[in-house]
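What follows is each chain in one-letter form.
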Amino acid sequence: MPQSYDVQHKGSAIICGAAPCVFEDLENALKLRPGATIVGVNNAAAIVPEIEHIWTQHNNYAQEYKTKAGRPIKVHARSGIMGNDVDYWWNSMVGMKGSSGIVAAIWAKAMGFDEVVMAGIPLSVSSTDYHAQYPDSKPDKVFAPTNNIEHWQRFLYIHKEHGRMDGVTSLSGYTRQVLGAPC
């Protein structure tokens, strides 16, 4: 049964998404923050072996994420939604809206990290494909329709206006444009 997560982290986290630029972004992030903790979103642990903790808004896929990772990982999710295979509930995340990557950045801040660098989370209308190695990718499947991405972009601004994105930067795309790049 899921429990609360009591660990408070420090320092920098790099959060990996699923876009084609994820490995380039991760490499650049590690050059800037060589000691950062690497966390992920959904199936990112299946392609980035350093990931031990992932955020999902799709609690019903928690076991699938664990299976596809091929090693023990911990799945974190907002509480109140089905998903007995989730390891940790986050009551503070109930009601957070936006793409999994946006909400995952807020989650990483809630874990205590001082800084969160988004890698492979461009949230750009021009970048709608998954990385070829990402388990959910199929030749004809895109990340999301344009109208979904535009909807999530609005939530990015809302979260930024409310201070939830303070300390969050990005290495690519629209999220970089709005949040800035890490220095």
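Since we're looking at a predicted model, the values are computed, not measured.

The rules behind the values
Residues numbered from 1 in each chain as written. Predicted model: local features only at pLDDT ≥ 70, side-chain atom pairs only at ≥ 80, totals over all residues. Heavy atoms only, no water. Salt bridge = Lys/Arg side-chain N within 4 Å of Asp/Glu carboxyl O. Helix = DSSP H or I, 4+ residues; strand = E, 2+ residues; numbered from the N terminus. Buried < 20%, exposed > 50% of the residue type's maximum accessible area, 1.4 Å probe, protein only. Pairing = 2+ DSSP bridges. Right-handed = clockwise from strand over helix to strand, strands pointing away. Arc of directions from axis to C-beta. Contact = heavy atoms within 4.5 Å. Core = buried A, V, L, I, M, F, W, Y, C linked by side-chain atoms within 4.5 Å. Phe/Tyr/Trp six-rings, centres within 6.5 Å; stacked < 30°, edge-to-face > 60°.

Q: Any chance you could explain the pattern of salt bridges here in plain terms?
A: Once the charged atoms of two side chains with opposite charge are near each other, the side chains can pair. One pass over the structure, following the stated rule, counts 4 salt bridges. In this structure, E115 and R33 form a salt bridge, with 2.7 Å as the shortest nitrogen-oxygen distance. Residue E115 is located in strand 7 (residues 115-119), and its partner R33 is located in the loop between helix 1 (22-32) and strand 3 (37-41); the two are separated by 82 residues in the primary sequence. This pair shows no difference in class: E115 is buried, exactly as R33 is. Put simply, K66 and D87 hold a salt bridge, and the shortest N to O gap is 3.1 Å. Of this pair, K66 sits in helix 2 (residues 62-69) while D87 sits in the loop between strand 5 (74-78) and strand 6 (88-90), placing them 21 residues apart in sequence. The same class applies to K66 and to D87, which are both buried.

Q: Where do I start with the pairing of strand 5 in this structure?
A: Along any regular strand the residues' side chains alternate between the sheet's two faces. Taking burial as the measure, the 5 residues of strand 5 include 4 buried ones, the bulk of the element. When strand 4 (residues 53-56) meets strand 5, the two strands line up parallel, connected through 4 bridges. Bridged to H53 within strand 5 is K74. The handedness of the strand 4 to strand 5 crossover, carried by helix 2, is right-handed. As paired elements, strand 5 and strand 6 share 3 bridges and run parallel to each other.

Q: Whenever I open this one, helix 2 confuses me. Can you help?
A: Along an α-helix, residues three or four positions apart point the same way, because every turn accommodates 3.6 residues. Those residues of helix 2 lying buried are A62, Y65, K66 and A69. Taken end-on, helix 2 shows its buried residues confined to a sector of 100°, consistent with a single buried face. Where helix 2 is buried, its residues meet strand 4 and strand 5. The positive-phi residue at the C-terminal boundary of helix 2 is G70, with phi of around 75°.

Q: Before we go on, may I ask you to explain helix 1 in this structure?
A: Buried within helix 1 are the following residues: V22, D25, L26 and A29. Down the axis of helix 1, the sector holding all buried residues measures 100°, keeping them to one side. Among the exposed residues of helix 1, those pointing more than 90 degrees away from its buried face are E24 and K31. Buried positions along helix 1 lie against strand 2 (12-16), strand 3 and strand 7.

Q: Just to check I follow, could you spell out the nonpolar core for this structure?
A: Within soluble globular proteins, side chains that are nonpolar generally end up buried alongside one another. With 31 residues, the main nonpolar core has I15, W90, M93, W107 and M165 as its most contacted residues. Broken down by secondary-structure element, the contributors of at least two residues to this core are strand 2, strand 3, strand 6, helix 3 (100-110), strand 7, helix 4 (146-161) and helix 5 (173-179). In terms of residues, this core owes the most to one element, helix 3, which gives 7 residues. What M165 contacts, discounting residues up to four positions off in sequence, is I102, A105, I106, L156, H159, K160 and L179. Counting 27 residues, the second largest nonpolar core, distinct from the first, contains L26, A44, I47 and A119.

Q: Where do I start with the packing of aromatic side chains in this structure?
A: Given two aromatic rings, their pairing is described by the distance between the two centres and the angle made by the two planes. Here the structure, examined in full by the defined rule, presents 5 aromatic pairs. Look at Y5 and Y88: their rings are 4.9 Å apart centre to centre, the planes differ by 75°, and that puts the pair in the edge-to-face class. In this pair, Y5 is assigned in the loop between strand 1 (3-4) and strand 2 and Y88 in strand 6, connecting sequence segments 83 residues apart. In terms of burial, Y5 and Y88 fall into one category: buried. The interplanar angle of 40° and the centroid separation of 5.9 Å between the aromatic rings of Y5 and W90 together place this pair among those described as tilted. With Y5 in the loop between strand 1 and strand 2 and W90 in strand 6, the pair connects residues that are 85 residues apart, well separated along the chain. W90 carries the same exposure label as Y5, and that label is buried.

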